[in-house]
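# Observations on chain architecture
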Amino acid sequence: MQSTISPANQTEHSINSAFASHFAKSMFFTIVGLAILVFIGTRMFSHIDLNLYGYMVGTIVFIGGFFYRFIAWGERPPTKIIIKKGLKLLFRKKTVKTAVNHLAIYDFIKKRGFYRWLQHVLIGWGCILACLVTFPLVFSWMYFTMADNGYYTVVVMGMDVIKVKADGIIAWLSYNALNISAIMVITGVCMALYRRMKNMQARAEQKFIYDLLPLYLLLFISVTGLLLTVQNVFLAGFLQPQMSLIHQFSVIVTLIYLPFGKLAHIPFRPMSVFARNYREHYGEQHMKECKVCGNHFVSVEQSNDVIQVLDVNDIHFNMEDGFNLAELCLPCRRKYRISRFSGIPTHQVKHKEANQNARG
Amino acid sequence: MKKRLYLELENCIGCRSCLAACTQCGGHEQRNRNYVYDVNPLVNRQTMPLMCLHCVNPACARSCPAQAIQIHETGAVLSALVEKCIGCQNCTIACPYGIPKFDTEQNLMYKCDLCIDRTKDGIPPMCESVCPSNTLQWLTDEEIEAKNQQFNLDNGKWVTSMPYLEGETNVRVNLPGILQGVTKLF
């Protein structure tokens, strides 16, 4: 391999050739970036909360798993196309609206059922809230100091941002943010588990490792986290150090598991914004006409991309009639198949397709 | 004993029971995922069913950027995983038979999953279990081979799916000899 690379190429990609792989490069820059942020946030490493040291190591292991999983995934031809074109179209006006819709209020899940939407909002936003509190604390991007008695100074990225009363409402909300998120997650997970027990289809299809394990892990984290509060408030800290280790263990196991199971859809989901942009943008540009009936059914760009992706996979749908199957609209493609089966040119008959919806 | 869905196309009488049965399968949420087409609509009443043929190398799954379309160990190509499907509709463009349907409201693709909750335990899919004319059958490979022997016309015009499909499929199709001007020996 080495001998085939010309010297000109080597100098051109000097940064890339410093790393053994894409994975190594991403890992290196992320860790360096993280170290710099911690350096700034902790005022030159003077405010690290060593109680949370385990979470820090867990996060770095998680980042390793994350890059391993997602670089492999991003190398798949169709994924590569969507990521590349999605990034190019990221600054469309509608991106914000689509992103809020897909990633914050989950409108499309509401259409799949209110119950599922509610459980998803509770779990999703519970986790987001918990992450927003936990990670800044773990990396000391946010911490509290008390200069004046009775007042906390909130320090964010090394800057004194706000002074709050120690028994005020903002302070109360920050002390209890993780309790609130734990209650949200527990409620959502219980709803999900109930659905998985009652819904016959879910029961038929679910697998323990894929569908139930992530729910149990979230429950494990939330319950042990909430128990910490119970031990502090009602039991004078009885067995609190032990429970805090158990809680830490539950979080780290979940972080390591996250890129490989069902929870992988969390970092993966922004792709749906890319996909929507991709369809809308190229749809406005130039629509493809069906080779048989002339209806516009998809953008030219997407049709070509799909043909190319299938070529890479050594799947070629070039017909003797002189078209690729991806150039036919869906009803015509189905009729074309019937014509292949029967020998009668069904797709050429100018006749609207019969109703295909069983509910009329 | 592994059984397959086997289509004997010219038996179809166009009753559309398979469409109705499809809506009643547990995970199908009242939406049918199969089709019944008129073969020569302005001339005669012959119909044929069309459903996912469950390709061995499925173009829909290969073109999915999110790896949402999984292939079950029985060979069934499953409907998109709800948490993974990103709504790009590549699968609908890739499928050589035009099978996957897309729900724009739910931003979700859905397609025939061969009633996986039934077929994984060897129970025939809904469409097969209601078909009154034996167009759809649930057979072992030996039984399909026996059909092959029975209908072998020794003129290269019979059954095998391959030259009429785009690749090997898990569903086997018996091509309609009657429509091709070849009488079958029933």
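Predicted model, so just to flag it, every value in this text is computed and none were measured. (Residues numbered from 1 in each chain as written. Chains lettered and ligands numbered in written order. Predicted model: local features only at pLDDT ≥ 70, side-chain atom pairs only at ≥ 80, totals over all residues. Heavy atoms only, no water.)

Right, let's get into the overall build of chain A. When helices and strands are counted, chain A shows 15 helices and five strands. Whereas a compact globule of 360 residues would reach a radius of gyration of roughly 21 Å, chain A reaches 27 Å, over 25% beyond that. Principal-axis analysis of the C-alpha atoms places the extent of chain A at approximately 85 × 65 × 40 Å. Looking at the 360 residues of chain A, the share that counts as buried comes to 42%. In the structure as shown, chain A presents an accessible area of about 20000 Å², 66% of it carried by carbon and sulfur atoms. Computing the positive centroid from 37 side-chain charges and the negative centroid from 20, chain A places the two 7 Å apart. (Helix = DSSP H or I, 4+ residues; strand = E, 2+ residues; numbered from the N terminus. Rg over C-alpha atoms; globule rule 2.2 N^0.38 Å. Buried < 20%, exposed > 50% of the residue type's maximum accessible area, 1.4 Å probe, protein only. Areas by Shrake-Rupley, 256 points an atom, 1.4 Å probe, with all protein chains shown as cover. Lys, Arg positive; Asp, Glu negative; His and termini not counted. Charge placed at Lys NZ, Arg CZ, Asp CG, Glu CD.)

Residue-level contacts link 67 residues of chain B with 59 residues of chain A. Summed over both sides, the interface between chain B and chain A buries roughly 5500 Å², with carbon and sulfur atoms accounting for 57% of that surface. If you sort the residues of chain B by the area they bury against chain A, Tyr37, Glu83 and Ile93 of chain B come out on top, with a joint share of 14%. The tally of links from chain B across to chain A stands at one salt bridge. (Contact = heavy atoms within 4.5 Å. Buried area = accessible area lost by both parts, 1.4 Å probe. Salt bridge = Lys/Arg side-chain N within 4 Å of Asp/Glu carboxyl O.)

Residues and elements named next belong to chain B. For Cys127, the position within the fold is in helix α5 (residues 126-130). On a C-alpha basis, the gap between Cys127 and Cys115 in space is 9.0 Å, while along the polypeptide they are twelve residues apart. Excluding residues that lie within four positions of it along the chain, Cys127 makes contacts with Cys18, Ala21, Asn34, Met51 and Leu136.

What follows deals with the domain arrangement of chain A. Residue and element names in this part refer to chain A. When cut into domains, chain A gives domain 1 (20-264) and domain 2 (286-348). Relative placement of domain 1 and domain 2: their C-alpha centres are 44 Å apart. If you look at the interface, domain 1 gives four residues, while domain 2 gives five residues. At the boundary of domain 1 with domain 2, total buried surface from both sides reaches about 370 Å², with 69% on carbon and sulfur atoms. A salt bridge links Lys85 to Glu301; the shortest N-O distance between them is 2.6 Å. At the surface where domain 1 touches domain 2, the tally comes to two residue pairs in polar contact (both at pLDDT 80 or more). Class assignment of the residues belonging to the side of domain 1 that touches domain 2 gives a composition of three nonpolar, no polar and one charged. (Domains from an automatic or database assignment. Polar contact = N/O pair within 3.5 Å; in protein donor to acceptor, adjacent residues only side chain to side chain. Nonpolar A, V, L, I, M, F, W, Y, C, P; charged D, E, K, R; others polar.)

On to the packing of helix α5 (residues 95-104) of chain A against helix α13 (residues 271-285) of chain A, then. All names here are of chain A. Two numbers describe how α5 lies on α13: the axes approach to 9 Å, and their chain directions differ by 140°. With respect to α13, the element α5 is oriented oblique. The two elements α5 and α13 meet at a crossing, and its hand is right-handed. Here α5 contributes Thr95, Thr98, Ala99, His102 and Leu103 to the contact with α13, which in turn contributes Ser272, Val273, Arg276 and Asn277. (Axes fitted to C-alpha atoms, helices over the stretch in contact; angles between N-to-C directions. Parallel < 35°, antiparallel > 145°, perpendicular 65-115°, else oblique. Left-handed = near helix turned anticlockwise from the far one by under 90°.)

Here the focus is the sheet that holds strand β1 (residues 142-145) of chain A. All names here are of chain A. If you walk across this open sheet you meet the three strands as β1-β2-β3, and the pairing is antiparallel. Two strands bound the open sheet, and with one partner strand each, they are β1 and β3 (159-165). Recorded for the sheet is a direction-independent mean angle of 25° between the axes of neighbouring strands. Bridge count between strand β2 (residues 151-156) and β3: six bridges; the pairing is antiparallel. In the sheet register, Thr153 faces β3, and the bridge partner there is Lys163. (Pairing = 2+ DSSP bridges.)

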